[in-house]
Amino acid sequence: MLVRALGRARLAIFWERLWPALASIATAAGLFLALSWLGLWVSLPPLGRAIGLFVFFVLAVAATLPLFQVRWPAAIEGLRRLDRTSLLPHRPATAIADRMAPEAGDQFAVALWRAHLERALRAAEALKAGTPVPRLAARDPYALRGLVLILAVAAFFAAGGDRHKRIAAAFDWQGVVLPANYRIDAWVTPPAYTGRPPQILPGLRPGEQSQARVSGPVTVPAGSTLVVRSTGQSGLDVAVKGGIAEAKAEAKPQALKGTEERHFTITGAGTATVKGGGDDVVWSFNAIPDRPPTIALAKEPEPQLRGSLLLNYKVEDDYGVVDAQATFDRKSATAQSDARPPRPLFDAPNFTLVLPQARTRAGAGATTKDLSEHPWAGVDVTMTLVARDEGNNEGRSAGHEMRLPERPFSKPLPRALIEQRRNLALDANAKAGVLGALDALTIAPERFIPETNVYLGLRSIYWQLSRSESDDGLRDVVARLWSMAVFLEDGNVSETEKALRAAQDALRDALERGASDEELKKLMDDLRAALDKFMQALAEELRKNPQMARPLDPNSMRQLRSQDLRAMLDRMERLARSGAKDAAKQMLDQLRAMLDNLQMARPNGDQGDGDDMQSALDELGDMIRQQQQLRDRTFRQGQDQRRQQRGQRGQPGQQGQQGDRNQMGELRQDQQALREQLKKLLEELKQKGFSQPGQGQQGGEGDPLGRAGEAMGDAQGQLGEGDADSAVDSQGRALESLRKGAQGMAQSMQQQMGQGPGPGNPGRTGQARANQDTDPLGRPLRGRDYGDDTTVKVPGEIDVQRARRILEELRKRFGENFRPQLELEYIERLLKGY
């Protein structure tokens, strides 16, 4: 029992000696870990890391020294601890270990000693070693060891996944002694679409001090790439803050041998710091955001004659627009609460817009899109233009409410079919109503549908629609309704027209993407063949229906010859192959407009009123020409009067005055006859039920033909008085009123014939056939004094040859390698843009 108690006492004493030494070592280690996890070594330069680690080494040595002084306690020390902690009298543990001094013959002393040992042995059961008491509080009265423990625990959680990296940073001393070839280079590469060159940043060279810390923030486009390269030493350490992040692994190119690179993406303001190269290298950045592009209509959308839509728009972006589209949303109609929402069968006719160039920073463009065949033609929509740049930023224009243009149909049956086609395409739930309408259209076919094939085709469509259960089946019916309507309106011309439009679209697409000369030649041949077939089909249709071949005024219209079209196509091909692609596209647009005008000029069988208005319009044109000639004669007569007055001043001549009166009388009679002719024309129009242009409007602008008659009356009276100057002014007013009246009459004719602007059929009056300012091919008529000139200016041969010489010279200079690199890059951009 005494031996076991003694062992416990000696162990407690040993722990009391060992624990303070271990606590000192643990405190030093905990302080090291806490400071490491807080990022001390990451923030210090290499030299500071070395000094700090040396300080901790000294601290660790000082904390370890007490450990070497720890000794195992002796037995007497254990016995003393047992006596001290047991609190028994007479020190029983020490007494047991004592030895009696040898005194021979003293039996009384021996007996007394034995009694003393027996009593001490009986007390051994109560001996206690006690718990160890290291007395750390005496060594650390301020409990710094607890503060270190709390700091270490907090830093452990704060460091997160970087614990090992932050501890290892203490032993990264690279840079304390830099290699001779050590250097740090950095640059910023903007995104390629910005067109900006890379920007070199101040770095670190051997024997130099970094200037990056004192320089101001660098302004770069958002999305730029920061590249930091170190040479001569590995372990590049870059710390970033703010809107700077490490680039993805797949975006990093392979670094050169013997170098190390780090790539970062700059999305906002921030800083980047390079550590481990002596002085820290710090760069500050400001990121310029990529603004979304802007797009807006330059003028109102212009519907064309055959259902095409012309859009003129302006685009702008800080780095360039790469794509633009026109999107359409159907205007929401007010519906009853119990009505089912419409279920359209077709999406909106969104289409891509043509840009002035591949990457447009600021410019204006125009796109013509044929929407006549789309089921949404004639529907009220809200149009929005959308532009996108290479950074995937989108800009939208304000919504523009409009009615999509539609192809005009002059015959009643095709118009009815197109209306039912639209109803079915916009709402599949309208199937029952469309069936009823188709059934009604086939009532009494012997009276309204004399052609058997047309009647059978309508009944076939009816039964196909009644048996259609899916949306695909309904779409087939929509397509058949369009084919039937076009066949009834145009006959066999519709198929050739479709082929001609496809050839024109293919050629335009090739011109826009810069196709090769071989491809352009093939497409031009296809266009020639399609045009020949179209003209043949048109001639065949006129031969079968002679009533449709009503000619225009031969005195005012230039004849269309096949040589004209062939010469135009040959000219277009030469322009395209010589590089003048814009002029070639312009001529292609002119050809399409000419063919559209030619088809719009074909009258239909229900055009009796149109013939009367056309005759009235022709007569009004003759009156305009006569009024202009009469005004010129009056002006010349006034000049003659003034010359005679200056020559005969003071010498009156009766014979000259008599001649002037005769001339004025003749002019007066002509003006009176012209006025009577206008009055007779207005009476005939009134008898036939035609409203005068402008009638019903308030103010003096209501009746231009009536004002023309009044001005003619004023001129007649002034000619009777011999006042030629005043008569010229009155005749000018009459002439202007006649022109306005002719334009108003042409517009009224368009509306009544279903070919002009109206509630269901928007159109452009300036290009209409009824305006009579152009022939069916869009060329100006001779002898007309009103209307705008709609011809297209095409570069002449001299301009084309000059462009070809410039292009050849650029190619020649691009092949000369001795020229500066900057000049070669500029020439390359010119050639690509060309």
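Residues numbered from 1 in each chain as written. Predicted model: local features only at pLDDT ≥ 70, side-chain atom pairs only at ≥ 80, totals over all residues. Heavy atoms only, no water.

1. Points about the overall build of the protein chain
Okay, so step 1: When helices and strands are tallied, the protein chain shows 24 helices and 15 strands.
Okay, so step 2: Here the protein chain holds 834 residues, and the buried ones make up 41% of them.
Okay, so step 3: When contacts within the protein chain are restricted to residue pairs at least 6 apart in sequence, long-range pairs at least 24 apart make up 73% of them.
Okay, so step 4: When the accessible surface of the protein chain is summed, it comes to about 45800 Å², and 53% of that surface belongs to carbon and sulfur atoms. (Helix = DSSP H or I, 4+ residues; strand = E, 2+ residues; numbered from the N terminus. Buried < 20%, exposed > 50% of the residue type's maximum accessible area, 1.4 Å probe, protein only. Contact = heavy atoms within 4.5 Å. Areas by Shrake-Rupley, 256 points an atom, 1.4 Å probe, with all protein chains shown as cover.)

2. Considerations on the nonpolar core
Okay, so step 1: The biggest cluster of nonpolar side chains holds 28 residues, and the ones touching the most others in it are Leu-500, Leu-507, Leu-520, Leu-527, Leu-569, Met-572 and Leu-591.
Okay, so step 2: When residues of this core are traced back to their parent elements, those giving at least two are α15 (493-512), α16 (517-544), α17 (562-578) and α18 (581-600).
Okay, so step 3: Among the elements that take part in this core, α16 stands out by supplying eight residues, more than any other.
Okay, so step 4: The contact partners of Leu-507, leaving out residues within four places of it in the chain, are Leu-520, Leu-523, Met-524, Leu-527, Met-572 and Leu-588.
Okay, so step 5: Grouped together as the second largest cluster of nonpolar side chains are 25 residues, Ile-418, Leu-435, Leu-481 and Val-486 included. (Core = buried A, V, L, I, M, F, W, Y, C linked by side-chain atoms within 4.5 Å.)

3. Comments concerning the environment of Gly-713
Okay, so step 1: By secondary structure assignment, the location of Gly-713 is in helix α21 (residues 704-720).
Okay, so step 2: For the pair Gly-713 and Gln-671, spaced 42 residues apart in the sequence, the C-alpha separation amounts to 8.1 Å.

4. Section: a nonpolar patch on the surface
Okay, so step 1: A contiguous nonpolar patch, built from Leu-47, Ile-51, Phe-54, Val-55, Phe-57, Val-58, Val-61, Leu-65 and Phe-68 and spanning about 920 Å² of accessible area, is present on the exposed surface.
Okay, so step 2: By the element assignment, Ile-51 lies in helix α3 (residues 46-68).
Okay, so step 3: Given the relative accessible area of 51%, Ile-51 is considered exposed. (Patch = residues over 30% accessible without salt bridge, like charges linked within 9 Å, V, L, I, M, F, W, Y side chains within 5 Å. Salt bridge = Lys/Arg side-chain N within 4 Å of Asp/Glu carboxyl O.)

5. Observations regarding the packing of aromatic side chains
Okay, so step 1: Throughout the structure, instances matching the rule amount to nine aromatic pairs.
Okay, so step 2: Judged by centre distance (5.5 Å) and plane angle (75°), the ring pair of Phe-32 and Phe-56 falls under edge-to-face. In this pair, Phe-32 is assigned in helix α1 (residues 2-37) and Phe-56 in helix α3, connecting sequence segments 24 residues apart.
Okay, so step 3: Measuring from centroid to centroid gives 5.2 Å for Tyr-462 and Trp-463, while their planes differ by 80°, and the two rings are edge-to-face.
Okay, so step 4: Overall, the relative accessible area of 15% leaves Tyr-462 in the buried class.
Okay, so step 5: The structure contains a cluster of three or more aromatic residues connected by ring pairs, namely Trp-37, Phe-156 and Phe-157.
Okay, so step 6: For the cation-ring pair, Arg-163 lies above Phe-156, with the distance from its terminal atom to the ring centre recorded as 3.9 Å. (Phe/Tyr/Trp six-rings, centres within 6.5 Å; stacked < 30°, edge-to-face > 60°. Lys NZ or Arg CZ within 6 Å of the ring centre and 35° of its normal.)

6. Thoughts on unusual backbone geometry
What is expected of a backbone is that most residues other than glycine have negative phi and most peptide bonds are trans.
Okay, so step 1: Residues other than glycine seldom take positive phi values, yet Asn-392 does so here, at roughly 65°.
Okay, so step 2: Residue position: Asn-392 is located in the loop between β13 (380-389) and β14 (394-396).
Okay, so step 3: Taking relative accessible area as the criterion, Asn-392 reaches 57% and is therefore assigned exposed.

7. Side note on helix α8 (residues 144-159)
Residue pairs three or four apart in sequence face the same way in an α-helix, which turns once every 3.6 residues.
Okay, so step 1: For α8, with 16 residues, the first-to-last C-alpha span of 22 Å sits near the 22 Å given by 1.5 Å per residue.
Okay, so step 2: All buried positions along α8 are accounted for by Val-148, Ala-152, Ala-155 and Ala-159. Along the axis of α8, the buried positions cluster into a sector of 75°, meaning they face one direction only. Exposed residues lying more than 90 degrees from the buried face of α8 are Leu-147, Leu-149, Ile-150, Phe-157 and Ala-158.
Okay, so step 3: Phi for Gly-160, located one or two positions after α8, is positive at around 65°. (Expected span 1.5 Å × (residues − 1). Arc of directions from axis to C-beta.)

8. A word on the pattern of salt bridges
Okay, so step 1: Scanning the model with the defined rule gives 20 salt bridges in all.
Okay, so step 2: A salt bridge links Arg-633 to Asp-670, with the nearest nitrogen and oxygen atoms 3.0 Å apart. In this pair, Arg-633 sits in helix α19 (residues 608-647) while Asp-670 sits in helix α20 (residues 654-687), placing the two residues 37 residues apart along the sequence.
Okay, so step 3: What makes Arg-633 partly exposed here is its relative accessible area of 31%.
Okay, so step 4: Note that Arg-813 and Glu-809 form a salt bridge whose closest N and O atoms lie 3.0 Å from each other. Note that Arg-813 and Glu-809 are positioned in helix α23 (residues 797-814) at a spacing of four residues, about one turn of the helix.
Okay, so step 5: Accessibility expressed as a relative area gives 34% for Arg-813, which makes it partly exposed.
Okay, so step 6: Classification of Glu-809 by relative accessible area gives partly exposed; the value is 33%.
Okay, so step 7: Here the salt bridges do not stand alone but share partners, grouping Lys-521, Asp-525, Arg-528 and Asp-570 into one network.

9. Examining the environment of Lys-241
Okay, so step 1: As for its position among the elements, Lys-241 is in strand β5 (residues 237-246).
Okay, so step 2: Residues contacting Lys-241, with those up to four places away along its chain left out, are Gly-270 and Thr-271.

10. Quick look at the packing of helix α13 (residues 452-467) against helix α14 (residues 471-490)
Okay, so step 1: Two elements in contact, α13 and α14, have axes separated by 10 Å at closest approach and are oriented at 165°. One element, α13, and the other, α14, form an angle in the roughly antiparallel class. In this structure, α13 crosses over α14, and the sense of that crossing is left-handed. Contact residues: Asn-453, Val-454, Gly-457, Leu-458, Ser-460, Ile-461, Gln-464 and Leu-465 in α13; Gly-473, Leu-474, Asp-476, Val-477, Arg-480, Leu-481, Met-484, Phe-487 and Leu-488 in α14.
Okay, so step 2: Here the residues of the contact of α13 with α14 are counted per class, giving 10 nonpolar, five polar and two charged. (Axes fitted to C-alpha atoms, helices over the stretch in contact; angles between N-to-C directions. Parallel < 35°, antiparallel > 145°, perpendicular 65-115°, else oblique. Left-handed = near helix turned anticlockwise from the far one by under 90°. Nonpolar A, V, L, I, M, F, W, Y, C, P; charged D, E, K, R; others polar.)

11. Quick notes on the packing of helix α10 (residues 412-426) against helix α11 (residues 431-441)
Okay, so step 1: Taken N-terminus to C-terminus, the directions of α10 and α11 make an angle of 165°; their axes are 9 Å apart at the nearest point. Put simply, α10 runs roughly antiparallel to α11. By crossing handedness, the relation of α10 to α11 is classed as left-handed. The segment α10 lies against α11, with Leu-413, Ala-416, Leu-417, Gln-420, Asn-423 and Leu-424 engaging Lys-431, Gly-433, Val-434, Ala-437, Leu-438 and Leu-441.
Okay, so step 2: Residues that form the contact of α10 with α11 fall into these classes: eight nonpolar, three polar and one charged.

12. Things to note about the side chain of Thr-360
Okay, so step 1: Note that Thr-360 resides in strand β12 (residues 360-370).
Okay, so step 2: Since its relative accessible area comes to 0%, Thr-360 is described here as buried.
Okay, so step 3: In this view, Thr-360 contacts Val-315, Asp-317, Gly-320, Val-321 and Leu-355; residues no more than four positions away in its chain are not counted.

13. Examining the environment of Gly-7
Okay, so step 1: Tracing the backbone shows Gly-7 in helix α1.
Okay, so step 2: Assessed through its relative accessible area of 36%, Gly-7 is described here as partly exposed.
Okay, so step 3: Counting along the chain gives 68 residues from Gly-7 to Ala-75, while the straight-line C-alpha distance between them is 8.5 Å.

14. Here's the deal with the pairing of strand β10 (residues 308-330)
Okay, so step 1: Alignment of strand β8 (residues 294-297) against β10, held across four bridges, turns out to be antiparallel. Bridge assignment links Ala-296 to a residue of β10, and that residue is Lys-314.
Okay, so step 2: As paired strands, strand β9 (residues 302-303) and β10 are joined by two bridges and run antiparallel to one another. Bridge pairing in β10 places Glu-302 opposite Leu-310.
Okay, so step 3: Strand direction decides the pairing type here: β10 and β12, joined by 10 bridges, are antiparallel. Note on β12: the bridge partner recorded for Leu-309 is Lys-369.
Okay, so step 4: By the bridge criterion, nine bridges tie β10 to β13 in an arrangement that is antiparallel. Opposite Arg-330, over in β13, you have Val-381 as the bridge partner.
Okay, so step 5: Where β10 lies against strand β11 (residues 351-352), two bridges are found, and the strand directions are antiparallel. In the strand pairing of β11, Ala-326 is matched with Phe-351. (Pairing = 2+ DSSP bridges.)

15. Quick look at α21
Okay, so step 1: Helix length check: α21, at 17 residues, gives a terminal C-alpha distance of 24 Å against a target of 24 Å (1.5 Å per residue), a fit within 8%.
Okay, so step 2: Among the residues making up α21, those that are buried are Pro-704, Leu-705, Ala-708, Gly-709, Ala-711, Met-712, Gly-713, Ala-715, Gln-716, Gln-718 and Leu-719.
Okay, so step 3: One or two steps after α21, the chain reaches Gly-722, where phi turns positive at roughly 80°.

Function cannot be read off these values alone, since they describe shape.
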